[in-house]
Amino acid sequence: MEISEAPFHPVVKRLCAMKGMKSFYPPQEEAIRKGILDGKNVLMVTQTASGKTFLAELIAVNNVLSGRGKTVYLTPLKALAIEKYNDFIEYERIGIRTIATMGDYDSSEPMLERYDIIVATYEKMDSILRHRPSWLSRVSLVIIDEIHYLDDEKRGPVLESLIAKLKSMKSDAQILGLSATVGNPEEISSWLDAELVLSSWRPIPLKEGVYYRGKIKFSDGEEKKISEPFSSPVLDLINDVISDGGQAIVFVNSRRRAVSLAQTVAKRLKMNKSSEAEELSKLIIESSEVQSLNEVLSEMIKNRVSFHHAGLTVEQRRMIEEGFRKGAINVIVATPTLAAGVNLPARRVIIESSERYVAGEGNSPIKVLEYKQFAGRAGRPGYDEYGEAILIAGDPVEVREMFSQYINGKPESIYSKMGSSSAFRSHLLSYIATLEKLRLEDIRGFVKNTLYSRQMSQESAKKLLSDSLRFLKEKGFIEEEGKYYKATSYGKYVSDLYIDPLSAELVKEAFSKKKRATDFSIMHIIAATPDMPKLSLKKKEFAKIDAAFVELIPEILLGLEDRDVSYEDILSEVKTALFLYDWINEVPEQEICEKYDLGPGDVYSFIESAAWIAYAIYKLSDVLEQAKPYSKKLEALSYRVKYGIKEELYELVSIPEIGRVRARNLYSSGFRSIEDIRKASVNELMRVRGIGERLAYRIKEYALKHSD
């Protein structure tokens, strides 16, 4: 189909012409023929780089230009949200206003009223729905990227509940779901009341194969000999593609392996030097507060190699990804998080191992869905004539198994994750709190709109609903008023704070004790909530954390007797609380990373969760009599957790670009307030460690505007 033939707004057609586009890819054409431009719900399950995301972009813009209303574009990850925001920003020149919104779940975001396209994470949009802002009535299109995340333990219930609420509260909005890997597309499209576009077409052919003893055997019967100068399958496969001017992404099964293999590649493969790699190497040396990590990355990048995993900071990952796109980096050794993240193709994708260690289970085969996500990274549009996805086998039997299970395999079906009592009660409370007054039939209607209700027996769904309503009523989150259920003020508060009702109950229980709440007590309350991820407890740490627990028992307000948790769970909470306690007492990031075996990216991820829970606990002190005496302390601790500071630094860290380290340096140099900075000269500020000339001018300018 020619673009000129499609019923797009004339401005959209001109934009396509300016990009040199004349016709649609086959999957795009099928979506148009199935009514995507006529407001019909559509589920597109098509290959990576097949144009589904770009078509969604055009549909979003067309929706706005045609005067139909606002577009909401949802992603599971912040990195993806930022990437999509940057794509949509291009359309500002034609008057379309785009904003990305993430975090801060206690707001209706009234300023979003001014924007045409809103890019958000699943969690952020779910929290917005709970506040029911007036602009929601003008949302006419909801695009859900990576819809296979319905199968994810953490994000799946959020997305499923969000879709169920949209079906109940905004049934006139068009839904467009996007994915490359859904094993039961017919079932999911039926649940969405959507037309299904299912296609294996790719603009760049994908050659899938298995490497064994110097030879790649491809699925089309072709075989390719690989020279073996290193006598190492993964090194020889990397060397082969690099020698031919290509790039490689190697997926491995652990962070430790990602680092060690990247170091081996950097040391043994001699790649041509690059001025771009040298420049990136210099920039990355100052990319985090963990200098040892910066130095390892910097040295590798000089040799045009890097590793990539969630332990790196967001900025480090962005720099590595951009370096790879620009050709400064030729090889990335990554954990699976890269496959679930931003668009980053390479000519050859190598899957070193088809097994992954699972705690308590040992090594288990990776899912077919995961393999397909890896393989989807192969082939760079505009650069490569084809992409290659290569598995590595250890024997002839494994060669056959890999073809059968992965290359010729079908992704696993997506199953609802709403069946856990924690997820269900949280989202049930949010629905009741959002719509204020509901009959039992209305609540059943919401449950009926879930994927869980469709996939599980009616008896299971009925029991889960009954148990959850009983819990919420007994704990005072909801009440019955005649034929209606409604949220209490406590329940509404908890729902708006976007925390598990059980977290609120644990806070109430903790402050009901007659014991004094210390800083550590509150760090442990945060760690004990079901909303807080826990640091894993290693065997070698057991005795040390056990001793710490015994010593800290007088400060712990939630013990074994209060909850149905194991002793190991308690110790894991104590370890997490000790980590948070070190953080708020300004232990250097490098030391924290070494002490708790974390990367800086892990630290920020844990702190992001902890900071929100700390804020929620502070806000709960408004409605929990037991916590009211600690309100001021809780407010101070919420800031301390957010910034990783002692209380005296709060005013300084409110200055843009002044984090915990620079704030302490300023304080130690006698600049203890914004007023002190206002009075100082730029030269005096530049004498403070970490404050260069540009930053000195910026903070001085800020102080002049904001001092009393």
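Residues numbered from 1 in each chain as written. Predicted model: local features only at pLDDT ≥ 70, side-chain atom pairs only at ≥ 80, totals over all residues. Heavy atoms only, no water.

Engineer: What exactly am I supposed to notice about the sheet that holds strand β9 (residues 215-218) here?
Structural biologist: Think of a sheet as strands paired side by side through backbone hydrogen bonds, with each pair either parallel or antiparallel. The sheet built from 8 strands is open, its strands ordered β10-β9-β8-β17-β14-β11-β13-β12 with mixed pairing. The outermost strands of the open sheet, each flanked by one partner alone, are β10 (223-225) and β12 (305-308). Here the average twist between neighbouring strands, direction ignored, is 20 degrees. Note: β9 against β10, 3 bridges, orientation antiparallel. Within β10, the residue paired with K215 across the bridge is K225. Sheet contacts for helix α8 (residues 233-243): β8 (206-212), β9, β10, β11 (248-251), β13 (331-334), β14 (348-351) and β17 (387-392); angle to β14, the most-contacted strand, approximately 180 degrees. (Pairing = 2+ DSSP bridges. Helix = DSSP H or I, 4+ residues; strand = E, 2+ residues; numbered from the N terminus. Axes fitted to C-alpha atoms, helices over the stretch in contact; angles between N-to-C directions. Contact = heavy atoms within 4.5 Å.)

Engineer: How should the pairing of strand β1 (residues 42-46) be read in this particular structure?
Structural biologist: Side chains on a regular strand alternate between the two faces of the sheet. Counting buried positions over the 5 residues of β1 gives 5, a clear majority of the element. Alternating residues of β1 divide into V42, M44 and T46 and L43 and V45, and every residue in both groups is buried. Pairing analysis gives 4 bridges linking β1 to strand β6 (residues 174-179), with the strands arranged parallel. Bridge pairing in β6 links V45 to S179. Taken together, the 5 bridges between β1 and strand β7 (residues 195-199) define a ladder with parallel strand orientation. Counted as the bridge partner of L43 is L196 from β7. (Buried < 20%, exposed > 50% of the residue type's maximum accessible area, 1.4 Å probe, protein only.)

Engineer: Looking at this model, I keep getting lost on the sheet that holds strand β20 (residues 484-487). Mind explaining?
Structural biologist: The strand order β18-β20-β19 describes an open sheet built from 3 strands, whose pairing is antiparallel. What marks the edges here is a single partner per strand, and that holds for β18 (438-439) and β19 (478-481). By the bridge criterion, 4 bridges tie β19 to β20 in an arrangement that is antiparallel. Each residue of the ladder has a partner; that of E480, found in β20, is Y485. Here helix α15 (residues 421-435) sits on the sheet in contact with β18, β19 and β20, set at roughly 95 degrees to β20.

Engineer: In this structure, what is going on with unusual backbone geometry? I would like to understand it.
Structural biologist: Backbone phi values are negative for most residues with the exception of glycine, while trans is the configuration of most peptide bonds. If you check the backbone angles, E146 has positive phi at about 55 degrees while not being a glycine. Mapped onto the elements of the fold, E146 is located in the loop between β5 (139-144) and α6 (155-169). Positive phi, normally seen in glycine, also occurs at D193, with a value near 55 degrees. Within the element layout of this structure, D193 appears in the loop between α7 (185-191) and β7.

Engineer: In this structure, what is going on with the pairing of strand β4 (residues 117-121)? I would like to understand it.
Structural biologist: Most of β4 sits inside the fold, with 5 of its 5 residues counted as buried. A two-sided burial pattern is seen for β4, the buried positions comprising I117, V119 and T121 on one face and I118 and A120 on the other. Across 4 bridges, the pairing between strand β3 (residues 98-101) and β4 is parallel. Counterpart to T98 in the pairing with β4 is I117.

Engineer: Before we go on, may I ask you to explain the side chain of T576 in this structure?
Structural biologist: Note on placement: T576 falls in helix α23 (residues 567-584). Excluding its chain neighbours within four sequence positions, the residues that come into contact with T576 are A527, M532, P533, K534 and L535.

Engineer: Any chance you could explain the domain arrangement of the protein here in plain terms?
Structural biologist: Interface size is commonly expressed as the accessible area that is lost once the parts come together. Its domain assignment divides the protein into domain 1 (3-199), domain 2 (212-406), domain 3 (421-497), domain 4 (501-644) and domain 5 (649-706). Between the C-alpha centres of domain 2 and domain 3 the distance comes to 46 Å. (Domains from an automatic or database assignment.)

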